[in-house]
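# Residue-level structure breakdown
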Amino acid sequence: KALKKLIDISSAIKSKTFNPLSFSDEAIAERKFEVQIEKWFAEKEKQESMTELSPGTVRQYRGYIRNYYFFFQGMDVKEITLEHLTNFKDTLHVIKIKTRKNIMIALHNFFCWLKERGVIKELPVFPKIKGDISNNRTSIDIDTQEEILQRIPGRHRDIIEFLMETGLRPNEVCALIVNDFDLKNRIARIEKGFVGNKLRNTNKEKRKRIIPLSDKAFEIVLKNMKGKTLGEFL
């Protein structure tokens, strides 16, 4: 370790970038991966509290730190190289390719954050993950859909059928209140959605939209609005 530090100091002197404070034990301890990733994550949590970042995204980052990024524990972020990143990528081989890509994208985001704050001077080269993440989708016929729908307990059937009729996301349907419906024009305003247990004022596309209600969807709305005030959930 001492020899490596001497080589790094010599290199910094030759390149006229030597700063003795950067080589102190305190500075090196501060640059440990686990220290910096916690600072990065704290900033993401702050962005979430200011509605600048989705709670779902923050939850994913927390999972990546807890379940995967421990690979880099104890390492100086300035010394993480393509070799380290490639070895890390290879530990993810049992995870589906889309998740692997998301984990590496979040890690790249973290290193960009380090560079912006002057913790590292250059971004390390990141390995590429090759492979197709698309899946072929198939749909079931109408008769099969109806058969399955009838097997759903009656108290849950309305919300499932409303989802089928409108194509809305579950988090959007759960956020609907009586006041979101215009019965005269048979339309619904989609303005909110749940992310985890938090209600957000915009949907995934960051815009409000209006959808028409089919005969069946309109019937479900009328049934579930009975006895409720404008601000109550459907």
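Every value quoted in this text rests on a predicted model; they were computed, and no experiment measured them. For every chain, the first residue of its written sequence is number 1, and the numbers climb from 1 along that sequence. Per-residue local features of the predicted model are confined to residues with pLDDT of at least 70, and side-chain atom pairs are confined, for both listing and counting, to 80 or more; whole-chain, interface and lining totals are unaffected and use all residues. Only hydrogens and water are set aside when side-chain values are computed; all heavy atoms of the structure are taken into account.

Below, the discussion takes up the overall build of the protein chain. A tally of regular secondary structure across the protein chain gives ten helices and five strands. The globule rule used for comparison is 2.2 Å times the number of residues to the exponent 0.38, while the radius of gyration itself is calculated over C-alpha atoms. In terms of C-alpha radius of gyration, the protein chain reaches 26 Å, well past the compact-globule figure of 17 Å for 234 residues. If you line up the protein chain on its principal axes, its C-alpha atoms span 75 × 35 × 25 Å. Burial status follows relative accessibility: with a 1.4 Å probe on protein chains alone, a residue under 20% of its type maximum counts as buried, one over 50% as exposed, and anything between as partly exposed. In the protein chain, which comprises 234 residues, the share counted as buried stands at 33%. Any two residues having at least one pair of non-hydrogen atoms within 4.5 Å are treated as being in contact. Partitioning the contacts of the protein chain with sequence separation of at least 6, the portion at a separation of at least 24 is 53%. Note on areas: Shrake-Rupley with a 1.4 Å probe; residue coverage comes only from the protein chains shown. If you sum the accessible surface of the protein chain, you get close to 15,500 Å²; carbon and sulfur atoms cover 54% of it. In this text, helices come from DSSP runs of H or I with a minimum length of four residues, and strands from runs of E with a minimum of two, each type numbered from the N-terminal end.

A separate point is a nonpolar patch on the surface. Residues enter patches when they are more than 30% accessible in relative terms and free of salt bridges; like-charged ones are connected within 9 Å and nonpolar ones (Val, Leu, Ile, Met, Phe, Trp, Tyr) within 5 Å. The salt bridge definition used is simple: a Lys or Arg side-chain nitrogen within 4 Å of an Asp or Glu carboxyl oxygen. A cluster of nonpolar side chains, contributed by Ile-159, Ile-160 and Met-164, occupies part of the molecular surface with about 230 Å² of accessible area. Mapped onto the fold, Ile-160 is located in helix α8 (residues 154–166). Residue Ile-160 is classed as partly exposed on the basis of its relative accessible area, which comes to 31%.

The next subject is the sheet that holds strand β2 (residues 187–190). If you trace the three strands from one edge of the open sheet to the other, you get β1-β2-β5, paired in antiparallel fashion. On the outer flanks of this sheet lie β1 (181–182) and β5 (209–212), each paired with one strand and no other. When DSSP finds two or more bridges between two strands, those strands count as paired. Pairing between β1 and β2: two bridges, direction antiparallel. Of the residues in β2, the one forming a bridge with Phe-181 is Ala-188.

With that settled, consider unusual backbone geometry. A positive phi is found at Arg-186, a non-glycine position, where the angle reads about 55°. Take Arg-186: it is sitting in the loop between β1 and β2. Using a relative accessible area of 29% as the deciding quantity, one classes Arg-186 as partly exposed.

The next point concerns the packing of α8 against helix α10 (residues 215–225). Simply put, an axis is a line fit to the C-alpha atoms, just over the touching stretch for a helix, and the angle between two N-to-C directions goes from 0 to 180 degrees. Contact geometry for α8 and α10: axes closest at 9 Å, N-to-C directions at 145°. In the crossing of α8 with α10, the sense of the turn from one axis to the other is left-handed. Between α8, through Asp-158, Glu-161, Phe-162, Glu-165 and Thr-166, and α10, the contact on the second element is made entirely by Lys-216, Ala-217, Ile-220, Val-221, Lys-223 and Asn-224. Polar here means any residue other than Ala, Val, Leu, Ile, Met, Phe, Trp, Tyr, Cys and Pro, which are nonpolar, and Asp, Glu, Lys and Arg, which are charged; Gly is therefore polar. Considering only residue class, the contact of α8 with α10 consists of four nonpolar, two polar and five charged. Take the far helix as your reference; a near helix turned counterclockwise from it by less than a right angle gives a left-handed crossing, and one turned clockwise gives a right-handed crossing.

On to the nonpolar core, then. Side-chain atoms within 4.5 Å are what join buried Ala, Val, Leu, Ile, Met, Phe, Trp, Tyr and Cys residues into a set we call a nonpolar core. Counting 31 residues, the largest nonpolar core has Phe-33, Tyr-69, Leu-107, Phe-110 and Phe-111 as its most contacted members. For this core, the elements supplying multiple residues, two or more each, are α3 (33–49), α4 (55–67), α5 (82–90) and α6 (97–116). The element contributing the most residues to this core is α6, with nine residues. In contact with Tyr-69, other than residues within four places in its own chain, are Phe-33, Ile-37, Tyr-64, Phe-88, Ile-103, Ala-106 and Leu-107. By size, the runner-up hydrophobic cluster in this structure holds 15 residues, among which are Phe-162, Ile-190, Phe-218 and Ile-220.

Our next topic: the confidence of the model for the protein chain. Do not read the predicted coordinates in detail wherever pLDDT is low. pLDDT gives the predictor's per-residue confidence on a scale running from 0 to 100. When pLDDT is averaged along the protein chain, the result is 88, and 94% of the positions lie at 70 or above. At the low end of the mean pLDDT range in the protein chain sits helix α1 (residues 2–14), at 75; at the high end sits α5, at 96.

Evaluation of the coordinates by the stated rule reveals 14 salt bridges. One salt bridge in this structure joins Glu-191 and Arg-189, with 3.9 Å as the shortest N-O distance. Glu-191 gets classed as partly exposed once you look at its relative accessible area, which sits at 23%. Among the residues examined, Arg-189 registers a relative accessible area of 26% and is labelled partly exposed. Because the salt bridges share partners, they merge into one network encompassing Glu-43, Glu-116 and Arg-117.

Okay, the packing of aromatic side chains next. Only Phe, Tyr and Trp rings take part, Trp by its six-membered ring, and two of them pair if their centres are within 6.5 Å. Stacked means planes under 30 degrees apart, edge-to-face means over 60, and tilted covers everything else. Enumeration over the complete set of coordinates arrives at 16 aromatic pairs. Residues Phe-71 and Phe-88 carry aromatic rings whose centres are separated by 5.5 Å and whose planes lie at 50° to one another, so their mutual orientation is tilted. Taken together, the positions of Phe-71 in the loop between α4 and α5 and Phe-88 in helix α5 put the pair 17 residues apart, joining distant regions of the chain. Overall, Phe-88 belongs to the buried group, its relative accessible area being 0%. Ring geometry for Phe-111 versus Phe-126: centroids 5.8 Å apart, planes at 75°, classification edge-to-face.

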